[in-house]
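Below are the chains, spelled out letter by letter.
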Amino acid sequence: MGKVDLCLSSEGTEVILATSSDEKHPPENIIDGNPETFWTTTGMFPQEFIICFHKHVRIEKLVIQSYFVRTLRIEKSTSKEPVDFEQWIERDLVHTEGRLQNEEIVARDGYATCLRFIIISAFDHFASVHSISAEGIAVSNLS
């Protein structure tokens, strides 16, 4: 089986939790494969969302497209349920005036069933996440 974008809803992936929601910009927009749609934060920081793959995956590269995100922490879980998250990656992103932030992360030890993305701080009162792409392979189904 070849590498695929594991973070697409068409691959069976779901956003199972988001700390804020705007009906015009719901969290599902992060994984719909359309760069024109996005999820926006509402309220104070930190804000977070959890993506579940519903299978064991090995992630080799993450690409996060966002706007106004200052500090991003990514935690991962290998449990069947979205519990027991461990800190995996933390990044300070560069502010890009007038265009999307495009953060590429080469992943080490990228085995996971779920990812929690925590926007710790932002460059403005709001931030948006346009897409999360996770290049990798499905390792096995959850049993």
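Note: the structure precedes this text.
## Points about the nonpolar core
- Ile51, Ile59, Leu62, Ile74 and Ile132 are the most contacted members of the largest nonpolar core, which has 32 residues in total.
- At the level of elements, β4 (47-67), β5 (69-77), β6 (86-92), β8 (111-122) and β9 (128-141) are the ones that each hand at least two residues to this core.
- It is β4 that provides the largest number of residues to this core, a total of eight residues.
- Residues in contact with isoleucine 74, not counting those within four places in the same chain, are Leu62, Ile64, Gln87, Trp88, Ile89, Ile105, Leu115, Arg116 and Phe117.

## Some thoughts on the packing of aromatic side chains
- Enumeration according to the criterion identifies three aromatic pairs in this entry.
- Judged by centre distance (4.9 Å) and plane angle (10°), the ring pair of phenylalanine 49 and phenylalanine 117 falls under stacked. Placement of phenylalanine 49 in strand β4 and of phenylalanine 117 in strand β8 is noted, with a sequence separation of 68 residues between them.
- Overall, the relative accessible area of 0% leaves phenylalanine 49 in the buried class.
- Phenylalanine 117 gets classed as buried once you look at its relative accessible area, which sits at 0%.
- Arranged with centres 4.3 Å apart and planes meeting at 50°, the rings of tyrosine 67 and phenylalanine 68 form a pair that is tilted.

## What to know about the state of the cysteines
- Tallied over the full model, the rule gives one disulfide.
- A disulfide bridge connects cysteine 52 with cysteine 114, and the sulfur atoms are separated by 2.4 Å. Measuring handedness by torsion sign, the sulfur bridge of cysteine 52 and cysteine 114 sits at about 90° and is right-handed. Here cysteine 52, found in strand β4, pairs with cysteine 114, found in strand β8; they are 62 residues apart in sequence, far enough to count as distant. For the residue pair cysteine 52 and cysteine 114, the accessibility class agrees, reading buried in each case.
- Cysteine 7 forms no disulfide, and the closest cysteine sulfur to it belongs to cysteine 52, at a distance of 11 Å.

## Thoughts on the environment of glutamine 65
- By the element assignment, glutamine 65 lies in strand β4.
- Linking glutamine 65 and arginine 116, residues 51 residues apart in sequence, is a C-alpha distance of 16 Å.
- Beyond its immediate sequence surroundings of up to four residues, glutamine 65 is in contact with Pro35, Leu100, Gln101, Asn102, Val129, His130 and Ser131.

## As for the pairing of β9
- Inspection of the sheet shows strand β1 (residues 4-5) paired to β9 by two bridges, in the antiparallel sense. Looking at the pairing, aspartate 5 lines up with glutamate 135 of β9.
- As paired elements, strand β3 (residues 39-40) and β9 share two bridges and run antiparallel to each other. When the bridges of β9 are listed, tryptophan 39 appears paired with valine 129.
- In the sheet, β4 pairs with β9 via 12 bridges, with the strands oriented antiparallel. Its bridge partner lying in β9, serine 66 is registered against valine 129.

Parameters and conventions
- Residues numbered from 1 in each chain as written.
- Predicted model: local features only at pLDDT ≥ 70, side-chain atom pairs only at ≥ 80, totals over all residues.
- Heavy atoms only, no water.
- Core = buried A, V, L, I, M, F, W, Y, C linked by side-chain atoms within 4.5 Å.
- Buried < 20%, exposed > 50% of the residue type's maximum accessible area, 1.4 Å probe, protein only.
- Helix = DSSP H or I, 4+ residues; strand = E, 2+ residues; numbered from the N terminus.
- Contact = heavy atoms within 4.5 Å.
- Phe/Tyr/Trp six-rings, centres within 6.5 Å; stacked < 30°, edge-to-face > 60°.
- Disulfide = S-S within 2.5 Å.
- Pairing = 2+ DSSP bridges.

Note that all results are geometric; they support no functional claim without further evidence.
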